[in-house]
Amino acid sequence: MGKLKDWLSGFFRGAFSDTLFADLEREAKEVEEIVLVLALLQFSGLENPFSFYALELLPFMEITPYSLRRLISKEERLGYLFSRFEGWA
Amino acid sequence: MRLFFVAGKGGVGKTTVAATLAYLLSRKGKTALISTDLAHSLGDFFAMQGEEFQVAGIRVLQPDAPSRLRERVKNWEREFFSNISPTLREDFSPFFRFAEKDPSNYDLIMLEEVKGLALKGGQEHLVVDSGPTGQFLKFLFLGDKLLEWYRLLRRWRRKYLKLREMTKGKTQDAMEEFLEKRVQETEAFRRLMQGAFLVWVTEPTALSLRETLRALTQIRRVDFLVVNKVKGEIALPESLAKLRRIELPLLDEEPTFASPSWEKIAERIREILR
């Protein structure tokens, strides 16, 4: 009975719970990158009137060479950003 | 705390009006006078030197934008570089170098100076001797735009935190706290700006009046209008003789409009220029 319980809980975790968590984490990572892009628009080649204030925000961001490269080179980041951007005026 | 912005076209006498206003206000309570003009002349007016001095009971500040900018960027750079890898340091260094030399940041530095002084308190009146019209208009709208940007960042950061909370549990976030602080501070400053008095200075010349008309139509408000240099003689070069037709009748006009509304002033200027 105990073995069946372990197997069922493992199955449940593998089939639903872990997938859900992985999705949530991927979504969180993407939203975190949106904050990065919004703060550092100038790195994507867009004009940012507040690039000056963005420098103040840098210490709060988890910036890695990888994320920086993505920010600079990946055009689809901008497409993704603007497709979700509600407050842009 | 009450804010007074003294604005107008370059050379109309904003500094003289701002200094006089500050002097009058200083009799009623503690008063500070700050120049946001990049080519400030408060020191020349009071025959004093330095970025800050006390004169006739008024605390006078004329921040040197380039040096304040360098100082601020250096501090941010130190803070950021103390905690990142050397590779990133190389990548980011040019942005700090560029920011500290970028003249478009001077207006932001001036906004920070006024905001800091206004929110810190310590005086009952704060008179701002603004830069010429273009610089002043930019200053007026910068605060709102900055607030929008901070709010947007905060909203997305909160979204991220909510998602992270589902997988990793609730944690404190320094960035959200920082953004919250900045939003609140910028909102407080905006409230002060909304309750501020706008003193518009102009002179009876066609160029100055036209600029006043354009600016008032954009700002759509004014609390005091000072028509300066009315009684003095206006020496015009021959090439501007055409303007004289507009200016001469003005010399007999009353120097100020009582309790003006921006629409009335705009209408009056249109009549004069017609």
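Worth saying up front: this structure is predicted, and the values here are computed from it rather than measured.

Enquirer: Quick rundown of the pattern of salt bridges? Include the residues and the values.
Expert: If the charged atoms of two oppositely charged side chains come close together, the side chains can form a pair. Throughout the structure, instances matching the rule amount to 23 salt bridges over all chains. Ionic pairing is found between Arg190(B) and Asp144(B), a salt bridge with its closest N-O pair at 3.7 Å. Highlighted residues: Arg190(B) in helix α7 (residues 174-194) and Asp144(B) in helix α6 (residues 133-168), separated in sequence by 46 residues. On the accessibility criterion, Asp144(B) (34% relative accessible area) is partly exposed. Where Glu185(B) meets Arg182(B), a salt bridge forms, and the shortest distance between an N and an O atom there is 3.0 Å. Highlighted residues: Glu185(B) and Arg182(B), both in helix α7, separated by three residues, approximately one helical turn. It is possible to trace a salt-bridge network through shared partners that takes in Glu56(A), Arg72(B), Glu112(B), Lys115(B), Arg182(B) and Glu185(B).

Enquirer: I'd love a proper account of the packing of helix α1 (residues 2-39) of chain A against α6(B), names of residues and values included.
Expert: For any two helices packed against each other, one specifies the inter-axial angle together with the distance between the axes. Where α1(A) meets α6(B), the axes come as close as 9 Å, and the angle between the chain directions of the two elements is 160 degrees. Classified by the angle their axes make, α1(A) and α6(B) are roughly antiparallel. As α1(A) runs across α6(B), the sense of the crossing is left-handed. Across the interface between the two elements, Phe21(A), Leu24(A), Glu25(A), Glu27(A), Ala28(A), Val31(A), Glu32(A), Ile34(A), Val35(A), Leu38(A) and Ala39(A) from α1(A) touch Trp149(B), Leu152(B), Leu153(B), Trp156(B), Arg157(B), Lys159(B), Tyr160(B), Leu163(B), Arg164(B), Met166(B), Thr167(B) and Lys168(B) from α6(B). Split by residue class, the contact of α1(A) with α6(B) holds 15 nonpolar, one polar and seven charged.

Enquirer: Explain the interface of chain A and chain B residue by residue, including any values.
Expert: Each partner contributes to the interface: chain A provides 35 residues, whereas chain B provides 40 residues. As a salt-bridge pair, Arg182(B) and Glu56(A) come within 2.4 Å of each other at their nearest N and O atoms. Put simply, chain A and chain B have three residue pairs in polar contact (both at pLDDT 80 or more) between them. Counting residues per element, the side of chain A that touches chain B draws most heavily on α1(A), which supplies eleven residues.

Enquirer: Please give an account of the side chain of Glu112(B) that cites residues and values.
Expert: Mapping Glu112(B) onto the fold places it in helix α5 (residues 106-120). Residue classification places Glu112(B) among the buried residues on the basis of a relative accessible area of 8%. Only 2.6 Å separates the side chain of Glu112(B) from the side chain of Tyr53(A), close enough to count as a polar contact. In terms of polar contacts, Glu112(B) uses its side chain to reach the side chain of Lys115(B), at 3.2 Å. Excluding anything up to four places from it in sequence, Glu112(B) contacts Tyr53(A) and Arg72(B).

Enquirer: Any chance you could break down the packing of aromatic side chains for me, citing the residues and the numbers?
Expert: In total, this model carries 19 aromatic pairs over all chains according to the counting rule given. When the centroid spacing of 5.5 Å and the interplanar angle of 45 degrees are considered together, the rings of Trp149(B) and Tyr150(B) count as tilted. We note that Trp149(B), like Tyr150(B), is buried. An aromatic cluster of three or more residues is present, and its members are Phe50(A), Phe52(A), Tyr53(A), Trp76(B), Trp149(B) and Tyr150(B). The ring of Trp156(B) is capped by Lys159(B), whose NZ or CZ atom sits 4.2 Å from the centre of that ring.

Enquirer: I'd like a rundown of the side chain of Lys14(B), residues and numbers included.
Expert: Of note, Lys14(B) is situated in helix α1 (residues 14-26). Comment: no salt bridge for buried Lys14(B); closest opposite-charge side chain is Asp37(B), at 5.2 Å.

Enquirer: An account of the sheet that holds strand β5 (residues 125-132) of chain B is needed here, citing residue identities and associated values.
Expert: All names here are of chain B. Ordered in space as β3-β4-β2-β5-β1-β6-β7, the seven strands form an open sheet in which the pairing is mixed. In the strand order of this sheet, the two ends are held by β3 (52-55) and β7 (224-227), each with one partner. If you compare each strand with its neighbour and ignore which way they point, the axes differ by 20 degrees on average. Across the sheet, α1 lies against β1 (2-8), β2 (31-35), β4 (58-61), β5, β6 (197-202) and β7, angled at about 180 degrees from β5, the strand it touches most.

Enquirer: Quick one: what's the story with α1(B), residue by residue and with numbers?
Expert: Three- or four-residue spacings in an α-helix give side chains the same orientation, since the helix completes a turn every 3.6 residues. In this model, α1(B) (13 residues) spans 18 Å end to end at C-alpha, consistent with the 18 Å of a helix rising 1.5 Å per residue. Taken together, the buried positions of α1(B) are occupied by Lys14(B), Thr15(B), Val17(B), Ala18(B), Ala19(B), Leu21(B), Ala22(B), Leu25(B) and Ser26(B).

Enquirer: Help me get a handle on the packing of α6(B) against helix α8 (residues 206-219) of chain B, residues and values and all.
Expert: Residues and elements named next belong to chain B. Interaxial distance between α6 and α8 falls to 11 Å at its minimum, and their mutual angle equals 5 degrees. By the angle between their directions, the pair α6 and α8 is classed as roughly parallel. Only Glu211, Ala215, Gln218 and Ile219 of α8 make contact with α6, whose side of the interface consists of Thr133, Phe136, Leu137, Leu140 and Phe141. Its residues assigned to classes, the contact of α6 with α8 comprises six nonpolar, two polar and one charged.

Enquirer: Describe the nonpolar core, naming the residues involved and giving the relevant values.
Expert: The tendency in soluble globular proteins is for nonpolar side chains to be buried side by side. In this structure, Tyr53(A) and Trp200(B) are the most contacted members of the largest nonpolar core, which totals 86 residues. Among the elements that make up this core, the one with the highest residue count is α6(B) (15 residues). With near-sequence residues (within four places) excluded, Trp200(B) lies in contact with Ala7(B), Gly8(B), Thr133(B), Phe136(B), Thr212(B), Ala215(B), Leu216(B), Ile219(B), Val222(B), Phe224(B), Leu225(B) and Val226(B). Ranked by size, the runner-up nonpolar core spans 19 residues in total, among them Val12(B), Val17(B), Ala22(B) and Val127(B).

How each quantity is defined
- Residues numbered from 1 in each chain as written.
- Chains lettered and ligands numbered in written order.
- Predicted model: local features only at pLDDT ≥ 70, side-chain atom pairs only at ≥ 80, totals over all residues.
- Heavy atoms only, no water.
- Salt bridge = Lys/Arg side-chain N within 4 Å of Asp/Glu carboxyl O.
- Helix = DSSP H or I, 4+ residues; strand = E, 2+ residues; numbered from the N terminus.
- Buried < 20%, exposed > 50% of the residue type's maximum accessible area, 1.4 Å probe, protein only.
- Axes fitted to C-alpha atoms, helices over the stretch in contact; angles between N-to-C directions.
- Parallel < 35°, antiparallel > 145°, perpendicular 65-115°, else oblique.
- Left-handed = near helix turned anticlockwise from the far one by under 90°.
- Contact = heavy atoms within 4.5 Å.
- Nonpolar A, V, L, I, M, F, W, Y, C, P; charged D, E, K, R; others polar.
- Polar contact = N/O pair within 3.5 Å; in protein donor to acceptor, adjacent residues only side chain to side chain.
- Phe/Tyr/Trp six-rings, centres within 6.5 Å; stacked < 30°, edge-to-face > 60°.
- Lys NZ or Arg CZ within 6 Å of the ring centre and 35° of its normal.
- Lys, Arg positive; Asp, Glu negative; His and termini not counted.
- Pairing = 2+ DSSP bridges.
- Expected span 1.5 Å × (residues − 1).
- Core = buried A, V, L, I, M, F, W, Y, C linked by side-chain atoms within 4.5 Å.

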